[in-house]
2 protein chains.
Amino acid sequence: MEKLLENPDFEEAAEVLKEYLRREYTVQINGLCTVNYQGRAKSKLDRGERIVFKKQDSALLVHGPENYQPKNWQPEVDSWRVEAEEEGLFLRAERTNPDESVEIRFEDLEFLTVSQLVDKSELKIRGHEVDIHESIEEEPDIIEEELKVIEREKETPAGFIDVFAMDKDDNYVVIEVKRNPDYNTVLQLQRYVEEIEEEFQGVIRGILVAPKMTDKILSYLEERDLEFVDVDMEDVIASYEAVDNSQKGLSDFSADYSTK
Amino acid sequence: MEKLLENPDFEEAAEVLKEYLRREYTVQINGLCTVNYQGRAKSKLDRGERIVFKKQDSALLVHGPENYQPKNWQPEVDSWRVEAEEEGLFLRAERTNPDESVEIRFEDLEFLTVSQLVDKSELKIRGHEVDIHESIEEEPDIIEEELKVIEREKETPAGFIDVFAMDKDDNYVVIEVKRNPDYNTVLQLQRYVEEIEEEFQGVIRGILVAPKMTDKILSYLEERDLEFVDVDMEDVIASYEAVDNSQKGLSDFSADYSTK
DNA sequence: ACTTTCAGTTCGTTC
DNA sequence: GAACGAAGTGAAAGT
């Protein structure tokens with residue numbers, strides 16, 4: 001911890017902010033403030049106690065006492081302005097592209113910290129849509145027995161077909177993979193099938209592959225003679241873990257964490 | 001500030017967490033930790049220094065030193081588990097619907113704070129899509145002169161039409177408002193127009209109203225004989241401000257902020 | 001409680 | 001740099 005100031009006065013705080021805001025430090029301010037945003041939209045946040053922090057890549061967050069998401073933010077700040085005022089502390093974070101700014105006016109400061117966090121590790125996450133793709137690629141049987149994948153990301157005038165395949169009766173199969181399917185997904189699959197019907201002869205099957213389904217979407221599918229195959233997300237994740245374990249050791253390194 | 005512990009030991013910290021996690025306090029822990037998430041997906045975050053906080057509504061956030069968004073989170077936690085271990089502090093946040101959990105294992109604690117933030121004010125924001133709707137409602141001329149609004153949110157088999165209107169030549173006009181238009185917006189507008197063509201006689205015009213437009217989407221529109229009208233977001237916001245100012249004083253109240 | 005749609009979406013990838 | 005789609009999307013409004 002570089003600095004920890006409890007109930008700093010505005011000039012003291014301004015000095016610290018001017019020194020550290022523009023550098024790669026994490027700065028946190030808890031205090032009573034008002035916040036104004038202007039840019040793509042415009043917002044106003046009246047007086048309240050909040051947690052404000054600037055991260056080491058100059059991201060700015062204003063968090064209230066509730067809610068997962070911040071009240072105001074700025075993903076990347078280009079320029080800062082700090083001013084100690086008679087009865088407050090003014091902070092302005094501006095960026096271009098898009099042009100927007102967040103202005104914070106503190107009326108009371110509870111505490112302020114400056115620190116440098118070391119975090120070299122990356123988040124490894126599985127369960128995205130692309131992981132379903134990989135599962136199908138490795139084991140087409142999870143869709144249907146004796147299914148043969150012909151092409152992935154097959155281009156059509158209506159867009160890219162996730163998986164283009166052939167079933168055991170030599171029918172072409174258009175497969176659309178969606179983690180979160182909705183009505184548009186059905187329409188899209190229908191358009192793909194129509195494109196393939198123009199390009200190829202015979203019966204063209206359309207299958208929506210998803211980890212969840214609702215009755216409504218299922219009925220949309222049935223109205224259009226399209227099919228649904230359920231995939232278990234747990235299986236998808238499990239198949240990844242098997243691969244991951246086999247590669248163990250490759251990315252095994254330890255980062256240094258100096259005790260500050 | 002209820003509590004502020006610098007470099008607490010694990011048992012000390014566990015005690016505080018057990019006392020305050022389940023209550024309406026904001027709890028923040030800075031420290032070296034690993035994080036695992038399992039639920040809709042599965043993620044793993046190796047050792048790193050992070051800011052963890054639990055908000056007063058039991059939202060949980062794990063922030064790294066970079067990026068606007070948290071590394072891990074939980075919008076609402078149903079149950080907590082805290083355990084002081086020999087060489088660490090274990091924290092588990094679980095929720096149902098969907099079933100998921102975040103597990104944090106601290107190996108080092110830099111500091112821990114407990115506080116109660118008072119923030120009764122709500123974020124007032126303008127520039128949403130609905131604000132464009134209101135602008136049109138107040139002043140249909142911004143779309144086109146002598147345009148008369150017949151119905152808003154008109155239902156059709158293809159969905160709800162934002163604004164259904166009639167132009168000065170007595171042609172029906174289907175208006176779709178989008179803050180962020182894309183290809184699907186065009187298709188949707190086209191479907192609405194087709195529905196109206198079945199229901200009514202004569203020429204049916206389709207207009208996409210948006211604050212921004214790309215050449216590509218514009219050409220999609222033209223291919224389908226659909227039109228585009230640009231709205232200036234600044235004007236939309238300005239018209240709101242005029243209304244807001246006229247209502248000044250109505251929502252003018254001061255919340256109490258006790259100095260703790 | 002479930003569905004639908006918007007978001008200052010953000011973020012990544014690809015062209 | 002624009003465009004397209006996914007997200008552990010989240011959040012709000014309507015049913």
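To be clear, the structure that these remarks concern was listed above.
Small disclaimer: the values here were computed from a predicted structure and weren't measured.

1. Overview of the sheet that holds strand 14 (residues 227-230) of chain A
All names here are of chain A.
Consideration 1: Spatially, five strands are ordered 10-11-12-13-14 in an open sheet, and the strand pairing comes out mixed. Pairing within the sheet leaves two strands with one partner each, and these edge strands are strand 10 (148-156) and strand 14. Adjacent strand axes in the sheet meet at a mean angle of 30° when their direction is disregarded.
Consideration 2: Relative to strand 13 (residues 204-210), strand 12 (residues 172-177) runs parallel, the two sharing six bridges. Across the sheet, Glu-176 pairs through a bridge with Leu-208, a residue of strand 13.
Consideration 3: Across the sheet, helix 2 (residues 129-138) touches strand 10, strand 11 (159-166), strand 12 and strand 13, and the angle it forms with strand 12 is around 150°.
Consideration 4: Contacting strand 10, strand 11, strand 12 and strand 13, helix 3 (residues 183-199) crosses the sheet at an angle of about 150° to strand 13.

2. A look at the protein's contact with DNA strand D
Consideration 1: Near DNA strand D lie 20 residues; those nearest to it are Asn67(A), His128(A), Lys178(A), Arg179(A) and Trp73(B).
Consideration 2: The separation between a phosphate oxygen of DNA strand D and a polar side-chain atom of Lys178(A) is 2.5 Å.
Consideration 3: Classifying every residue of the surface near DNA strand D by side-chain character gives seven nonpolar, seven polar and six charged.

3. Section: the relation of the copies chain B and chain A
Consideration 1: Overlaying chain B on chain A yields an RMSD of 0.3 Å, the required transformation being a rotation through 180° with an accompanying axial translation of 0.1 Å. Taken together, the rotation and translation describe the operation of a two-fold axis.

4. Quick look at the packing of aromatic side chains
Consideration 1: The final tally for this structure, using the stated rule, is 14 aromatic pairs over all chains.
Consideration 2: On the basis of an interplanar angle of 35° and a centroid distance of 5.6 Å, the ring pair of Trp73(A) and Tyr68(B) is categorised as tilted. Placement of Trp73(A) in strand 5 (residues 72-74) and of Tyr68(B) in the loop between strand 4 (60-63) and strand 5 (72-74) is noted, with the two residues assigned to different chains.
Consideration 3: Relative to Phe200(A), the ring of Tyr172(A) has its centre 4.4 Å away and its plane inclined at 45°; by these criteria the two rings are tilted. Placement of Tyr172(A) in strand 12 and of Phe200(A) in the loop between helix 3 and strand 13 is noted, with a sequence separation of 28 residues between them.

Rules of the game
Residues numbered from 1 in each chain as written. Chains lettered and ligands numbered in written order. Predicted model: local features only at pLDDT ≥ 70, side-chain atom pairs only at ≥ 80, totals over all residues. Heavy atoms only, no water. Pairing = 2+ DSSP bridges. Helix = DSSP H or I, 4+ residues; strand = E, 2+ residues; numbered from the N terminus. Axes fitted to C-alpha atoms, helices over the stretch in contact; angles between N-to-C directions. Contact = heavy atoms within 4.5 Å. Near = heavy atom within 4 Å. Polar contact = N/O pair within 3.5 Å; in protein donor to acceptor, adjacent residues only side chain to side chain. Nonpolar A, V, L, I, M, F, W, Y, C, P; charged D, E, K, R; others polar. Least-squares fit on C-alpha atoms with pLDDT ≥ 70 in both. Phe/Tyr/Trp six-rings, centres within 6.5 Å; stacked < 30°, edge-to-face > 60°.

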